[in-house]
Amino acid sequence: MQNYVPPVDDYRFLMTQVLGFDGAMAEMGLEVDSDLAAAVLEEAGRLCAERLHPLNRTGDEEGSRLIDGVVTLPRGFADAYREFQEAGWASLSSDPEHGGQGLPFILQLWLDEMLSATNLSFGLIPGLTRGACEAIKAHASEELKAVYLPPMVRGEWTGAMALTESGAGTDLALLKTKAEPSGENGYAVTGTKIFISSGDHDIGGNIVHLVLARLPDAPAGVKGISLFLVPKFLPDASGGFTVRNAMSVGALEKKMGIHAQPTCVMNYDGATGWLVGEPHKGLAAMFTMMNAERLMVGIQGLGIAGGAYQQAAAYARDRLQGRSADGSRGPVAIIEHADVRRMLLGVRAFVEAGRALAGWTALQLDRAHRHPDGAERARADALVALLTPVVKAGFTDFGFESAVQAQQVFGGHGYIREWGMEQYVRDARIAQIYEGTNGVQAMDLVGRKLPLGDGAVAQGFFDMIAADLEGQATPVAAGTCEALQLLRDATAALHGADADRLGAAAVDYLRLFALVSMGWMWARMAAAAKDGTSAHSGKRAVADFFARRMLPQAKGLAAALSAGAEPIMALPADAF
């Protein structure tokens, strides 16, 4: 495996030339500029490259283990986490009120990219903790926040999200876990949850589970779900957290990828917990965590694609095979072959546009939380809501496809474990499934997000892109304008559509939306890459590739969308 190279130069280009980072920070009153931000990202990248990347393969081969009820991470993971936590990376963007550093979320999202590129299994631990903190901060009582948030924000304690049951996956209305009132305003939580990432491990400290369960008087369906904070350790008489709660790991899931991540079957046997938020309002509270996690999962797809690209590009420069196109030389490095270049450029075109769009979305999240103007906060929050399913599903679809293409560059060696490429493919696959499958994300986009503001949020986003592209004469700007019109037409056609039409259109519509959004970012980058440096000329070349080889997908997606539901729904269910 080649060493990982943190993309700090690209982050700096985006901040200073494309995203207007310094102006945005000043607008929000934050004393952070692009020089400081780049220094932070450079230090984070060093940790990812030197400490976490070398653990990725060994962690995959060893996996987490469950022995006599105790979960242990692969060798080196616990020590690496302590270094990560002690250096302050767990608290990077968290609220200073609870011990966080309060740095802008864009730095957090790009840190997540580097974590995912180098060690996805490791990155899930702080990522899930951060999401749990968001839910506790937004919905828990002041007493619970005072006890649990400071050590979780610092990364001394970690968090997990316990939703799924064997009979209740996407349809949470079917969950059966129960919570009955007990002493000290607490509850006894009983039930079994599956697929619980970071459910247990040996890095030390408490593990705080947010568990969905039903109270005895709960109404049926999702309106009867409550959220409970259930820690691994309870307070003892002296105030320390040493008393083991009545929860245990029934098994570790045997998975296709992310082997080092302890994905647990969790048993709660009357475990002590406390209500978070109001009774029967648990789903809304949990979605505070879910929405944060969905952005993080999208970045996992981006990170894996970027990490796989670096390996494939280095291999293509070194691997000698075949003759030059004119037959005069051979063997030549496979980077000379057109099909290898096609695969590499396809991955790079996604990675660099995805990195830019992630940064833009993160700045909107910062505006939603910090901007002094309430109307601007509301506008930014609506844009983040609109783009969250696009980032989650679009980035993880493109990310998996990118991992496969990078593996393909290696030929037969890509299928052999020692080269490391098959791990990227296996690890990337889960991101399309967890935190809401990509089909569910697409339905969320067409069914819930397009109607926001009676359609005004989506139309405002489209108008913003159109205004940005106006006057630009590059191929990528022209292609994006054309694709944008197809997206507008598809949006209008879905207005008021029935459930079958929305379901049939959802996945293709989301991909079209993602292509247009990435085209917009490429147009911005191409316009900013004006000088004659190799970095800028490279940007313009990849932008041109995106315009001529990837944006044309928009026409095929629009044609598929225009076919409606009939081709999908015509075959009777019993004929499958």
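The text that follows walks through the structure, step by step, so that each part is easy to find. If you're wondering where the values come from, they're calculated on a predicted model, not measured in any experiment.

**Side note on the overall build of the protein**
Helix and strand counts for the protein stand at 17 helices and 11 strands. Relative to its length of 576 residues, the protein is compact, with a C-alpha radius of gyration of 24 Å against a globular reference of 25 Å. The principal-axis extent of the C-alpha atoms belonging to the protein is close to 80 × 60 × 55 Å. Counting the 576 residues in the protein, one finds 56% classified as buried. In the protein, the proportion of contacts linking residues at least 24 apart, taken out of those at least 6 apart, comes to 74%. Accessible area of the protein: about 23,000 Å², with a carbon and sulfur share of 53%. If you average the places of the 50 positive and of the 66 negative side-chain charges in the protein, the two averages end up 4 Å apart.

**A closer look at the pattern of salt bridges**
Across all of its chains, the model carries 33 salt bridges by this definition. The salt bridge involving Arg57 is made with Glu61; its shortest N-O contact spans 3.0 Å. Here Arg57 and its partner Glu61 are both found in helix α3 (residues 34-62), four residues apart, which amounts to about one turn of the helix. Judged by its relative accessible area of 39%, Glu61 falls in the partly exposed class. For the salt bridge of Arg348 with Glu352, the shortest nitrogen-to-oxygen distance reads 2.7 Å.

**Re helix α14 (residues 499-528)**
Quick reminder: α-helices carry 3.6 residues per turn. Residues three or four places apart thus point the same way. In this model α14 runs 42 Å from its N-terminal to its C-terminal C-alpha over 30 residues, within 8% of the 44 Å that 1.5 Å per residue would give. Along α14, the sharpest change in direction is near 50° and occurs at Ala506. Within α14, 22 of the 30 residues are buried, leaving the element largely enclosed by the surrounding structure.

**Quick look at the pairing of strand β7 (residues 226-231)**
Along β7, six of the six residues are buried, which leaves the element largely enclosed by surrounding structure. On β7, burial covers both faces: Ser226, Phe228 and Val230 on one face and Leu227, Leu229 and Pro231 on the other are all buried. Across three bridges, the pairing between β7 and strand β11 (residues 263-276) is antiparallel. In the sheet register, Leu227 faces β11, and the bridge partner there is Val276.

**A closer look at helix α6 (residues 142-153)**
Its 12 residues place the ends of α6 15 Å apart at the C-alpha level, agreeing with the 16 Å of an ideal helix rising 1.5 Å per residue. Considered for burial, the residues of α6 that qualify are Leu144, Lys145, Tyr148, Leu149, Pro151, Met152 and Val153. Close packing links the buried residues of α6 with α5 (105-139), β3 (158-162), β6 (207-213), β7, β9 (241-244) and β11. At the C-terminal side of α6, Gly155 shows a positive phi close to 85°.

**Section: the packing of aromatic side chains**
On inspection of all chains with the given rule, the structure shows 21 aromatic pairs. Aromatic pair Trp157 and Phe241: ring centres 4.8 Å apart, planes at 70°, arrangement edge-to-face. Of this pair, Trp157 sits in the loop between α6 and β3 while Phe241 sits in strand β9, placing them 84 residues apart in sequence. Judged by centre distance (5.7 Å) and plane angle (80°), the rings of Phe350 and Phe395 are edge-to-face. Note that Phe350 is positioned in helix α8 (residues 338-370) and Phe395 in helix α9 (residues 374-409), a separation of 45 residues in sequence. Using a relative accessible area of 0% as the deciding quantity, one classes Phe350 as buried. The residue whose ring lies beneath Arg429 is Phe400, and the NZ or CZ to ring-centre distance is 5.6 Å.

**Details of the packing of α8 against helix α15 (residues 534-550)**
The angle between the axes and the distance between the axes are what describe a pair of packed helices. Packing of α8 against α15 leaves a shortest axis separation of 9 Å and a crossing angle of 105°. Classed by the angle they form, the pair α8 and α15 counts as roughly perpendicular. Facing α8, whose interface residues are Arg342, Leu345, Gly346, Arg348, Ala349 and Glu352, α15 presents Gly538, Lys539, Val542, Phe545, Phe546, Arg549 and Met550. In the contact of α8 with α15, the residues fall into six nonpolar, two polar and five charged.

**Quick notes on unusual backbone geometry**
At the junction of Gly330 and Pro331, the peptide bond is cis and its omega measures out at -5° in the coordinates. As for its position among the elements, Pro331 is in the loop between α7 (282-318) and α8. Of note in this structure, Ser198 is not a glycine but carries a positive phi near 55°. Of note, Ser198 is situated in the loop between β5 (187-197) and β6. A positive phi is found at Glu435, a non-glycine position, where the angle reads about 55°. By the element assignment, Glu435 lies in the loop between α10 (421-429) and α11 (438-449). Assessed through its relative accessible area of 14%, Glu435 is described here as buried.

**Remarks on the nonpolar core**
Ranked by internal contacts, the top residues of the largest apolar core, which has 176 residues, are Leu210, Phe461, Tyr509 and Phe513. Sequence-distant contacts of Tyr509, that is, excluding residues within four places in its chain, are made with Leu445, Val446, Leu450, Phe462, Leu487, Ala490, Thr491, Leu494 and Leu561.

**Re the environment of Gln553**
In this fold, Gln553 is placed in helix α16 (residues 553-562). Dropping the residues within four chain positions of it, Gln553 is found in contact with Arg511 and Leu515.

**A short note on the state of the cysteines**
One pass over the structure, following the stated rule, counts zero disulfides. Here Cys133 is not cross-linked by a disulfide; its sulfur's nearest cysteine counterpart is in Cys264, at 19 Å. Look at Cys133 and you get buried, because its relative accessible area is 8%. Note on Cys264: relative accessible area 0%, which makes it buried.

**Considerations on the packing of α9 against helix α12 (residues 456-469)**
The contact between α9 and α12 brings their axes to 10 Å, and the two run at 95°. One way to sum up the angle between α9 and α12 is to call them roughly perpendicular. Listed contacts from α12 to Arg379, Ala382, Leu383, Leu386 and Leu387 of α9 are Val457, Ala458, Phe461 and Met464. Taken together, the residues of the contact of α9 with α12 sort by class into eight nonpolar, no polar and one charged.

**Here's the deal with the pairing of β11**
The element β11 is largely enclosed, with a buried count of 10 among its 14 residues. By the bridge criterion, nine bridges tie β5 to β11 in an arrangement that is antiparallel. By the bridge assignment for β11, Ile196 is matched with Cys264. Pairing between strand β10 (residues 247-252) and β11: five bridges, direction antiparallel. Paired with Met247 across the two strands is Tyr268, which belongs to β11.

Thresholds, definitions, all that
Residues numbered from 1 in each chain as written. Predicted model: local features only at pLDDT ≥ 70, side-chain atom pairs only at ≥ 80, totals over all residues. Heavy atoms only, no water. Helix = DSSP H or I, 4+ residues; strand = E, 2+ residues; numbered from the N terminus. Rg over C-alpha atoms; globule rule 2.2 N^0.38 Å. Buried < 20%, exposed > 50% of the residue type's maximum accessible area, 1.4 Å probe, protein only. Contact = heavy atoms within 4.5 Å. Areas by Shrake-Rupley, 256 points an atom, 1.4 Å probe, with all protein chains shown as cover. Lys, Arg positive; Asp, Glu negative; His and termini not counted. Charge placed at Lys NZ, Arg CZ, Asp CG, Glu CD. Salt bridge = Lys/Arg side-chain N within 4 Å of Asp/Glu carboxyl O. Expected span 1.5 Å × (residues − 1). Bend = angle between axes of the 7 residues up to and from the residue. Pairing = 2+ DSSP bridges. Phe/Tyr/Trp six-rings, centres within 6.5 Å; stacked < 30°, edge-to-face > 60°. Lys NZ or Arg CZ within 6 Å of the ring centre and 35° of its normal. Axes fitted to C-alpha atoms, helices over the stretch in contact; angles between N-to-C directions. Parallel < 35°, antiparallel > 145°, perpendicular 65-115°, else oblique. Nonpolar A, V, L, I, M, F, W, Y, C, P; charged D, E, K, R; others polar. Core = buried A, V, L, I, M, F, W, Y, C linked by side-chain atoms within 4.5 Å. Disulfide = S-S within 2.5 Å.

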